[in-house]
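# Secondary and tertiary structure notes
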Amino acid sequence: MLSRLAACAALLLSTATADAFTAYVTNEKDNTVSVIDGTTMTVTKTIKVGQRPRGITLAKNGEWLLICASDDNTVQVFNARTLEFIKNLPSGPDPELFVLHPTGNPLYIANEDDNIVTVVDIDSGKVLTEISVGVEPEGMGINPAGTVLVNTSETTNMAHFIDTATNQTTDHVLVDARPRYAEFTPDGSQVWVSSEIGGTVSVIDVQTRQPIGKVSFQINGVNADAIQPVGVRITRDGKRAFIALGPANRVAVVDVATLKVERYLLVGQRVWQLAFTPDEKQLFTTNGTSNDVSIIDVEKLRVTKSVKVGRYPWGVVVAPF
Amino acid sequence: MEECEARRRIHRSRAVCALAIALAVGVPWLMGGPSGAHAQSPPATPPGIIDILLIRETAAKPAPLSLLDIPPQDEGLAGAKLAIADNNNTGRFLNQQFRLDVLADAAPDVLVAEAQKRVAQGQRFLVLAVQPRTVLMLADALKGQDALLFNAGAPDENLREEDCRANVLHTGPSRTMLADALAQYLVWKQWRRWFLIVGPQPEDMAFAAAMRRAATRFGARIVEDRAFPVETGSRRADGGHEQIQQQIPLFTQNAAAHDVVVVADEAGQFGEYLPFRTWDARPVAGTQGLTPASWHPALEQWGATQFQNRFARSAGRTMRPQDYDVWLAVRSLGEAAARTRATDFSAIAARLRSPEFEVAGFKGQKLTFRDWNGQLREPILLGTPKLPVTVSPQPGFLHQFSELDTLGIDRPETKCRLPARAGPAAK
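What you see is a predicted model; the values in this text were computed from it and never measured.

Before going further, it helps to spend a moment on the overall build of chain B. Assigned secondary structure in chain B consists of eleven helices and 14 strands. A total of 427 residues make up chain B; the buried ones form 48% of that total. By sequence separation, contacts in chain B at least 24 residues apart represent 70% of the contacts at least 6 residues apart.

Here is the structure:
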């Protein structure tokens, strides 16, 4: 009995450490970031950040928390553990989303108000260059090798391919209306681009720069106009994609090989961005109009919990501690 | 395959005669555009040109009651300029260039004669910011020619109904769309008893008729219907606040029990006097108070913030509904040209009329044209002067094909009989 208890305790302890993580959620209307403890799944802290925080990511092996403070025209850097403010990075006007080079530097920032992508060295805090793209740049994705960057422009309706060696655009692929997000498959062979108004996700072959498929959605009882794909996340094994469908209040689970939707998971309202936990067992969704995040069990494909955060949760990132 | 080839051609060559072409055709994105690091190398083949003609009827309108409502000189034009810039930003990646030409005059005859001349010279796409009669004059004068007209402003129902024309698309909402949008919200609010106050102008009567139709359609009742007499030098409309403060309560006295005052005063001659002055404490909606429109200058949803900012930077003021209607017309052309990668009239016009056509307009859903009369389906914003209040269609107003078709005259009711168009009939 005692030994069983001890084993139990040991198991609990080990899972606790293995599963330890912290989720950070930007609240667009509150100018705050909610910090969620992964063990208790509760908001443990809410920190004040710049105005209209949207895109959020980690840098320096998770030590830095980077936040697009869109209305302050800056990217803010916080210590991810202590939550102390470190510095501001130049971002160009109205930074919305960004992506870090796989080597950890530089940072590529979409400037929604200015038709450019700004490239910033996060150590020196210097703008390295600006890349001219279409109207209202938003989605940012980079291949695992760090050689190809894709930016989507919402009003131009294109995925712009950028060569990271030269920082020049090389190809412009038309997709459906209002492309929001670009996500590479883990093998770097495809990039998935969600089109919010078009209601589809285009799959583009990275080698040929040609669209090779499209994911479409149909949900009984939900008007097609309300199905608006935004955030996309693909599992590390490259098998499954999770796609946030905005005001359809669902996350679609898609088989990457066949591009068929396996299931729709009902989450909070206007689901926007997604983030896996480090062990990829759970997925966080930000639900803009219901002011909460939903947590999805990735194996069972079930929504297990919702956690109330601030107003208009927008972006989410999870750190492995 | 063709697309692929074209793109390769574009990319092959970039740097070579960049400057020469830029100087020759005045490519806007190189002139005063970004320098050095993020300058986009242009294609070597000359871009395909898409010319758009904006026609503005500049007849004097009566002065508005409020100094805040004096229309800007470039109303509509500013929307066209922004859309051209947006189109060109996309066009530079597709080797397409959009050019705007403007025709402005107070006399419809002059506009028609000049438009005919321009079409003979090769103009194909005309965006109209003109009076309803002038829309018909232009449509008839250009009938059968390679010219497509966009009515961007005249809300008159007859242009979409008995007087509909095969060569006209409408990007501004019709009066019944506006009235239905407002009515749905009033019914959603359970403000079902309406006190209708109607001005003397034909447009006022038309708006009132649209509200009466909407009441029947959505289950509201007009419990009181009064005509507001406006005459030049009228005792009611003139004078300082002392008189208005006496006259409006008097005019609205002894009305049947009502939930809301609905005012029909498109000319803006008295409606602004109603809020806070009615005999009974009731909200005012219609052409003043809570108003339906295609655009609101403070809309921030659906990415509209960036759009509003872009407009403000380019025009130096906030966006008005007519700017938006014109922007949508020019953007629709840009969208059709981008999707077809074409610059010729027939391909672009066919795309605009095809069931595949859709355009994003910062309203949270795709906008499409009704195939039976060329009217753009679009959500309608209801707002007070400072802020949007809601967006119609309202929840619960359902439709078998598109909820946007709960706004305005629907397919089964239409009086428009256009010759059957190519392609499958839209659902």
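Next comes the rest of the description.
Looking now at the nonpolar core. Residue and element names in this part refer to chain B. V127, L128 and M211 are the most contacted members of the largest nonpolar core, which totals 198 residues. Among the elements that line this core, the one with the most residues is helix α10 (residues 321–340), at ten residues. Looking at this core, you find at least three residues from each of domain 2 (48–173 + 296–379 + 408–413) and domain 3 (176–293). Excluding its chain neighbours within four sequence positions, the residues that come into contact with V127 are I52, L54, A80, F150, A152, V326, A329 and V330.

Let us look at the packing of α10(B) against helix α11 (residues 345–353) of chain B. Residue and element names in this part refer to chain B. Closest axis-to-axis distance for the α10/α11 pair is 9 Å, and the angle between their directions is 110°. Considering their axes alone, α10 and α11 lie roughly perpendicular with respect to each other. Here S332, L333, A336, A337, R339 and T340 of α10 lie close against α11, whose contacting residues are A347, I348, R351 and L352. Looking at side-chain class alone, the contact of α10 with α11 contains six nonpolar, two polar and two charged residues.

Residues and elements named next belong to chain A. Strands sit in the order β12-β13-β14-β15 across an open sheet of four strands; the sheet is antiparallel. Pairing within the sheet leaves two strands with one partner each, and these edge strands are β12 (137–142) and β15 (168–174). Neighbour-to-neighbour, the strand axes of this sheet turn through a mean angle of 25°, independent of strand direction. Pairing between strand β14 (residues 158–163) and β15: six bridges, direction antiparallel. By the bridge assignment, D163 is partnered in β15 with Q168.

What follows is about the interface of chain A and chain B. Contacts between chain A and chain B engage 28 residues on the former and 20 residues on the latter. Those elements that provide at least two residues to the side of chain A that touches chain B are β11 (126–132) and β15 of chain A. A breakdown of the residues in the side of chain A that touches chain B according to their chemical character gives seven nonpolar, 13 polar and eight charged.

Moving on, we come to the environment of G268(A). All names here are of chain A. Tracing the backbone through its elements, the reader meets G268 in the loop between β23 (260–266) and β24 (271–276). The buried category is assigned to G268, around which 22 C-beta atoms lie within 10 Å. A C-alpha to C-alpha distance of 20 Å links G268 and K281, two positions 13 residues apart in sequence. Each residue touching G268, except ones within four places of it in the same chain, is listed here: N249, N287, S290, D292, S294 and S306.

Residues and elements named next belong to chain A. The strand order across the open sheet formed by four strands is β3-β2-β1-β28, and the pairing between neighbours is antiparallel. Each edge of the open sheet is held by one strand with a lone partner, namely β3 (42–48) and β28 (313–319). Averaged over all pairs of adjacent strands, the angle between their axes in this sheet comes to 25°, without regard to strand direction. Inspection of the sheet shows strand β1 (residues 22–27) paired to strand β2 (residues 32–37) by six bridges, in the antiparallel sense. Across the sheet, T22 pairs through a bridge with D37, a residue of β2.

Let us look at the environment of Q131(B). Residues and elements named next belong to chain B. With respect to the helices, strands and loops of the structure, Q131 is situated in the loop between β3 (125–129) and α5 (132–141). Exposure remark for Q131: the 16 C-beta atoms within 10 Å place this residue in the partly exposed category. For the pair Q131 and G153, spaced 22 residues apart in the sequence, the C-alpha separation amounts to 8.1 Å. Excluding its chain neighbours within four sequence positions, the residues that come into contact with Q131 are E57 and A154.

Turning our eyes to something else, we now look at the environment of V35(A). Residue and element names in this part refer to chain A. Within the fold, V35 resides in strand β2. The class for V35 is buried, based on 20 C-beta atoms found within 10 Å. When the C-alpha atoms of V35 and D113 are compared, they prove to be 28 Å apart, with 78 residues separating the residues in sequence. Not counting residues up to four positions away in its chain, the partners in contact with V35 are T22, Y24, V43, T44, K45, I47 and L83.

Residues and elements named next belong to chain B. Helix length check: helix α3 (residues 77–94), at 18 residues, gives a terminal C-alpha distance of 25 Å against a target of 26 Å (1.5 Å per residue), a fit within 8%. Burial within α3 is extensive, with 17 of its 18 residues counted as buried. Of the residues one or two after α3, N95 is the one with positive phi, at around 60°.

Another aspect to go through is the packing of α3(B) against α10(B). All names here are of chain B. Between α3 and α10, the least distance of the axes is 7 Å, while the angle of their chain directions is 15°. Classified by the interaxial angle, the pair formed by α3 and α10 is roughly parallel. With respect to the hand of their crossing, α3 and α10 are arranged in right-handed fashion. Here A78, G79, A80, L82, A83, I84, D86, N87, T90 and L94 of α3 come into contact with α10, specifically with D323, Y324, V326, W327, V330, R331, G334 and A338. Across the contact of α3 with α10, the residue classes tally to eleven nonpolar, four polar and three charged.

What counts and how
Residues numbered from 1 in each chain as written. Chains lettered and ligands numbered in written order. Predicted model: local features only at pLDDT ≥ 70, side-chain atom pairs only at ≥ 80, totals over all residues. Helix = DSSP H or I, 4+ residues; strand = E, 2+ residues; numbered from the N terminus. Buried ≥ 20, exposed ≤ 12 C-beta atoms within 10 Å, placed from the backbone. Contact = placed C-beta atoms within 7 Å. Core = buried A, V, L, I, M, F, W, Y, C linked by C-beta atoms within 7 Å. Domains from an automatic or database assignment. Axes fitted to C-alpha atoms, helices over the stretch in contact; angles between N-to-C directions. Parallel < 35°, antiparallel > 145°, perpendicular 65-115°, else oblique. Nonpolar A, V, L, I, M, F, W, Y, C, P; charged D, E, K, R; others polar. Pairing = 2+ DSSP bridges. Expected span 1.5 Å × (residues − 1). Left-handed = near helix turned anticlockwise from the far one by under 90°.

Keep in mind these numbers describe shape, not what the thing actually does.
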